[in-house]
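Single-letter residue listing:
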Amino acid sequence: MTTKIILDCDPGHDDALAMMLALTNPEIELLAVTTSAGNQTPEKTLNNAMRLLTLMHHQEIPVAGGNRTPLLKPLETAGNVHGKSGLDGADLPDPDFAVQPLTAIELIAQTLRESTTPVTLVVTGPMTNIALFLRVYPELKTKIAQIVYMGGAMGLGNWTPSVEFNIYVDPEAAKIVMNAGIPLVMAPLNVTHKAQILKSEIAEIGQIDNPVAHAFADLLNFFERYHEAPKWGFKGAPLHDPCTITWLIHPEWFKTERMNVDVETAGELTRGETVCDYYELTGKPKNTEVLLDIDRAAFIQLIKDSLKTFG
Ligand code: RIB
Ligand code: CA
């Protein structure tokens, strides 16, 4: 059965892989792409989404840009990870199609209204657009089948000791989304740190004989460098965002647990921490299916096979 999705993203190297998987696997129907400020400024993440769709020859996908800043915090970006452009490392084409004359939340609303069945929202950046959407169009909540997001962690952090970047950028937006009563699937650092791609596997991607695979190999070589720092203890680069699409295509490749997940928004040291009630200590509803382990080899093979589909 095909899953209809909207991808709300902040490309971003790993966002690009999520988009590529959504475009190349028939289990997914990508209805629209909306962009958020996160890995880079809103102008850059929007341009990057357009460049990626041009590269992959999918100019038919409607794209709209969203939030300029988080709901309350000033915007902090991740140029140290993704580079000045947000997609450093590859020579990507300029966009050759027009952005929609809509805001991100207008495009989400239009897409949900036009769909005859509920749509899955896949969120791979800060959740600002989704929080704004829920506040402006509460009547469309029933057209959201589920929200599958990369963000947060259980007892880990990659931006502060206990906070993951996407939630760090906009904790208040995440709190709105996590308490909206919509079915949630969370891909936290606990699973994405197991979804690492090795340098040898990136080299194999570089051997796939098409320009899209070559561009993704260049992107991955750049992205991998940040993760070589010994403090991470990684063997490769964690591919965070494509875990969301992979779960939609092959949920059997994951170990999951259902639990309550909420967000700390007041802590001096912990603002943005996702508080995951693994041992059911709060009695709060189990609002989230949390991905905890992945079949890494199958995941990497899916990425390779998907890239081979580009002529
Ligand atoms: O913490 C990892 C997340 O932050 C990923 O979505 C990456 O693209 C960045 O947005
Ligand atoms: Ca992202």
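For the structure itself, consult the block above.
In this convention, every chain numbers its residues from 1, walking through the sequence in written order. Lettering for chains starts from A, numbering for ligands starts from 1, and both go in the order in which the items are written. Totals for whole chains, interfaces and linings use every residue, but because this is a predicted model, local features are given only for residues with pLDDT of at least 70 and side-chain atom pairs only at 80 or more, for both listing and counting. Processing note: side-chain calculations cover all non-hydrogen atoms of the structure and skip hydrogens and water entirely.

K.L.:
So what about the overall build of the chain? Which residues, and what values?
P.N.:
Counting from the N terminus, the helices are the DSSP runs of H or I reaching at least four residues and the strands are the DSSP runs of E reaching at least two. Looking only at helices and strands, one finds 12 helices and 11 strands in the chain. C-alpha extents for the chain along the principal axes are approximately 55 × 45 × 40 Å. Accessible area is worked out with a 1.4 Å probe on protein chains only. A residue is then buried under 20% of its type maximum, exposed over 50%, and partly exposed in between. Buried residues in the chain amount to 61% of all 311 residues. By definition, residues are in contact when any of their heavy atoms lie within 4.5 Å. Excluding contacts between residues fewer than 6 apart, the proportion of contacts in the chain whose partners are at least 24 apart in sequence is 83%. The protein chains shown are the only cover counted for residues, whose accessible areas, like all others here, come from Shrake-Rupley with a 1.4 Å probe. Accessible surface, the chain: about 12,200 Å² in total, of which carbon and sulfur atoms supply 54%. Charged side chains in the chain number 24 positive and 38 negative. The centres of these two groups are separated by 3 Å. A positive count includes Lys and Arg, and a negative count includes Asp and Glu. His and the chain ends are not counted in either. Taken as the charge location is NZ of Lys, CZ of Arg, CG of Asp or CD of Glu.

K.L.:
Go over the site of ligand 1, please, and point to the residues and values.
P.N.:
One heavy atom within 4 Å of a molecule or strand makes the whole residue count as near it. Inspection of the region around ligand 1 gives 13 residues, with Asp14, Asn158, Glu164, Asn166 and Asp241 positioned closest. Counting of polar contacts relies on pairs of N or O atoms within 3.5 Å, with two restrictions inside protein: one atom must be capable of donating a hydrogen and the other of accepting it, and residues adjacent in sequence are counted only when both atoms are side-chain atoms. One of the side-chain nitrogen or oxygen atoms of Asp10 is found 3.1 Å away from an oxygen atom of ligand 1. Interatomic distance of 2.9 Å between a backbone N/O atom of Thr124 and an oxygen atom of ligand 1. When ligand 1 sits alone it has 280 Å² of accessible area, and the protein chains cover 96% of it. When residues of the shell around ligand 1 are traced back to their parent elements, those giving at least two are helix H1 (13-24) and helix H6 (165-169). Amino acid classes used here: Ala, Val, Leu, Ile, Met, Phe, Trp, Tyr, Cys and Pro are nonpolar; Asp, Glu, Lys and Arg are charged; the rest, including Gly, are polar. Here the shell around ligand 1 is built from residues that sort into 2 nonpolar, 6 polar and 5 charged.

K.L.:
Account for H1, naming residues and giving values.
P.N.:
In this model H1 runs 17 Å from its N-terminal to its C-terminal C-alpha over 12 residues, within 8% of the 16 Å that 1.5 Å per residue would give. Taking burial as the measure, the 12 residues of H1 include 12 buried ones, the bulk of the element. His13, Asp14, Asp15, Ala16, Leu17, Ala18, Met19, Met20, Leu21, Ala22, Leu23 and Thr24 are the residues of H1 that are buried. In this scheme, a helix's expected span is set at 1.5 Å multiplied by one less than its residue total.

K.L.:
Got a sec to walk through the coordination of the calcium ion (ligand 2)? Specific residues and values, please.
P.N.:
Each metal site is built from N, O and S donor atoms within 2.8 Å (3.2 Å for Na, K and Ca), and since water is not included, such sites may look incomplete. Taken together, the protein donors to the calcium ion (ligand 2) comprise Asp10 (OD), Asp15 (OD), Asp15 (OD), Thr124 (O) and Asp241 (OD), at separations of 2.2 to 2.6 Å. Read from N- to C-terminus, the donor residues coordinating the calcium ion (ligand 2) fall into the pattern D-x4-D-x108-T-x116-D. Of this pair, Asp15 sits in helix H1 while Thr124 sits in the loop between strand E4 (119-123) and helix H5 (128-136), and the two are 109 residues apart along the sequence.

K.L.:
If you had to explain the side chain of Thr24 to someone new, which residues and values would you point to?
P.N.:
Positionally, Thr24 belongs in helix H1. With a relative accessible area of 15%, Thr24 lands in the buried category. Within the local environment of Thr24, its side chain forms a polar contact with the backbone oxygen of Met20, the two atoms lying 2.8 Å apart. Separated by 3.3 Å, the side chains of Thr24 and Asn25 make a polar contact. Every residue in contact with Thr24, bar those within four places of it in the chain, is listed here: Ser306, Thr309 and Phe310.

K.L.:
A description of the pairing of strand E1 (residues 3-9) should follow, citing residues and the corresponding values.
P.N.:
Burial analysis of E1 places 7 of its 7 residues in the buried class, the great majority of the element. What you see with E1 is no split at all: Thr3, Ile5, Leu7 and Cys9 on one side and Lys4, Ile6 and Asp8 on the other are buried throughout. Here E1 pairs with strand E2 (residues 28-35) via 7 bridges, running parallel. The residue of E2 that forms the bridge with Cys9 is Thr35. Each parallel crossover has a hand, and the one from E1 via H1 to E2 is right-handed. We call two strands paired when DSSP finds no fewer than two bridges between them. Note on handedness: a clockwise path from strand one over the helix to strand two, with the strands aimed away from the viewer, defines a right-handed crossover.

K.L.:
Mind laying out empty space enclosed by the protein, listing which residues take part and the relevant values?
P.N.:
For each structure, a 1 Å grid was placed over the protein atoms alone; sets of points admitting a 1.4 Å probe that cannot get out are labelled cavities, open sets with protein on both sides within 12 Å along at least five of seven lines are labelled pockets, and lining residues have an atom within 4 Å of a point. Grid points are joined across faces, edges and corners, and a volume is the space filled by probe spheres set on the points. Scanning all chains against the criterion turns up 1 cavity of 30 Å³ or more. Forming the walls of the largest cavity are 23 residues, and the residues nearest its centre are Val81, His82, Asn158, Phe165 and His240. Of all the secondary-structure elements, those providing two or more residues to the lining of the largest cavity are H1, helix H3 (79-82), H6 and helix H10 (211-226). Considered class by class, the residues forming the lining of the largest cavity number 10 nonpolar, 8 polar and 5 charged.

K.L.:
Now, about the sheet that holds E2: what can you tell me, with residues and values included?
P.N.:
Across the sheet, which stays open at both edges, the 9 strands sit in the order E3-E2-E1-E4-E5-E6-E11-E9-E10 with mixed pairing between neighbours. Each edge of the open sheet is held by one strand with a lone partner, namely strand E3 (63-65) and strand E10 (274-277). Within this sheet the neighbouring strands show an average axis-to-axis angle of 30°, counted without direction. Pairing between E2 and E3: 3 bridges, direction parallel. Bridge pairing in E3 links Thr35 to Gly65. Helix axes are fitted to C-alpha atoms over the stretch in contact, other axes to C-alpha atoms as well, and angles between N-to-C directions run from 0 to 180 degrees. Packing of H5 onto the sheet brings it into contact with E1, E2, E4 and strand E5 (144-150), and relative to E5 it is tilted by some 155°.

Bear in mind that shape data such as this cannot, by itself, settle questions of function.
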